[in-house]
Amino acid sequence: MAHRRVAISSRLNGVPVTLIDNGMPCVVMKAADLGITGYDDRETLDADSALKARIEAIRLAVGERMNLGGVLEKSVPKMMLVAPPRNGGAVCARSFIPHMAHATIGVLGAVSVATACLISSSPAADVAVAPEGPHKTILVEHPTGEMSCVLETNGAGEVVTAALPAS
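Residues numbered from 1 in each chain as written. Predicted model: local features only at pLDDT ≥ 70, side-chain atom pairs only at ≥ 80, totals over all residues. Heavy atoms only, no water.

### Points about helix 2 (residues 49-62)
Between its first and last C-alpha, helix 2 extends 20 Å over 14 residues, near the 20 Å set by a 1.5 Å rise per residue. Residues of helix 2 that are buried include every one of L51, I55, E56, I58, R59 and V62, and no others. What you see down the axis of helix 2 is that its buried residues fit within an arc of 160°, all on one side. For helix 2, the exposed residues lying more than 90 degrees away from the buried face are S49 and A50. (Helix = DSSP H or I, 4+ residues; strand = E, 2+ residues; numbered from the N terminus. Expected span 1.5 Å × (residues − 1). Buried < 20%, exposed > 50% of the residue type's maximum accessible area, 1.4 Å probe, protein only. Arc of directions from axis to C-beta.)

See the structure below:
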């Protein structure tokens, strides 16, 4: 996948976020900043109407900033809540598409989360365990398993390519 990373880290509604598109427009934020663990199951997340309202307020606020226009009727951006890994991966993620917790994580969403893990100003970098060196395999844990992403960085540590591992 060609380099396409566009990222902005900021604060919205009191929550540090990274707005990123490395194949899929995503908003990445720490689960703990929203008052949850990040290891919560789908049923618990979907039942938490206050959490979902906070996530939706942020999603609606970023549409214009991400050049998506009004996103009220769109499925983007995907909302990604991250936490430290629990099962040997680099980061644990819960995704909302757009208002429901997803059972897994989409390929391009995983690539965007993995990329955010390598941006020092991103909330994802605060919780991720990223390997050293220019060639990195980032395992994104999700509720039903994990997805591996392979990223190459340049001398400045910027992501220049991101893809899934070759089969």
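And the narrative resumes.
### A few points about the pattern of salt bridges
Scanning the entire structure with this criterion turns up 2 salt bridges. D126 is the salt-bridge partner of K30, the closest N and O atoms lying 3.4 Å from each other. Here D126 lies in helix 4 (residues 123-127) and K30 lies in strand 3 (residues 25-30), a separation of 96 residues in the sequence. Judged by relative accessible area, D126 falls into the exposed class, the value being 53%. When the shortest N-O distance is used, the salt bridge between E56 and R59 registers 2.7 Å. (Salt bridge = Lys/Arg side-chain N within 4 Å of Asp/Glu carboxyl O.)

### Some details on the nonpolar core
Counting 27 residues, the largest nonpolar core has V28, V82, V91, I105, V113, V140 and L151 as the members making the most contacts within it. Put simply, the parts of the chain that give this core at least two residues each are strand 3, strand 4 (78-83), strand 5 (91-96), helix 3 (107-116), helix 4, strand 6 (135-142), strand 7 (145-153) and strand 8 (159-163). Looking at which element gives the most residues to this core, the answer is helix 3, with 5 residues. For V82, the contacting residues outside a window of four places in its chain are V28, M29, K30, A31, V91, C92, A93, V113, A124 and V127. If you look at the next biggest cluster of nonpolar residues, it comprises 22 residues, including L51, L81, F96 and A101. (Core = buried A, V, L, I, M, F, W, Y, C linked by side-chain atoms within 4.5 Å. Contact = heavy atoms within 4.5 Å.)

### Considerations on helix 3
Judged by how many residues are buried, helix 3 sits mostly within the fold: 8 of 10 residues are covered. Here helix 3 has its buried residues at G109, A110, V111, S112, V113, A114, T115 and A116.

### Comments concerning the pairing of strand 8
The side chains of a regular strand alternate, residue by residue, between the two faces of the sheet. Here strand 7 runs beside strand 8; their pairing, made up of 4 bridges, is antiparallel. In the strand pairing of strand 8, L151 is matched with A162. As consecutive antiparallel partners, strand 7 and strand 8 are separated by 5 residues, and within that stretch G157 has a phi angle of approximately 85°, a positive value. (Pairing = 2+ DSSP bridges.)

### Observations regarding the side chain of R59
Position of R59 relative to the elements: it lies in helix 2. We classify R59 as buried; its relative accessible area is 0%.

### Examining the packing of aromatic side chains
Remark: the centre distance and the inter-plane angle together describe each pair of aromatic rings, the angle taken between the planes. Per the counting criterion, the structure on display carries 0 aromatic pairs. A cation over an aromatic ring shows up here: R86 above the ring of Y39, its NZ or CZ 4.1 Å from the ring centre. (Phe/Tyr/Trp six-rings, centres within 6.5 Å; stacked < 30°, edge-to-face > 60°. Lys NZ or Arg CZ within 6 Å of the ring centre and 35° of its normal.)

### Thoughts on the state of the cysteines
Tallying each qualifying case throughout the model produces 0 disulfides. Here C26 stays free of any disulfide, with the sulfur of C149 as its closest cysteine sulfur at 11 Å. (Disulfide = S-S within 2.5 Å.)

### Considering unusual backbone geometry
Phi is mostly negative for residues that are not glycine, and the peptide bonds are mostly trans. Here the amide bond leading from V76 into P77 is cis, since omega sits at 0°, within 30 degrees of zero. Among the secondary structure elements, P77 is positioned in the loop between helix 2 and strand 4. Residues other than glycine seldom take positive phi values, yet N13 does so here, at roughly 50°. One non-glycine residue, N67, lies in the positive phi region at around 60°.

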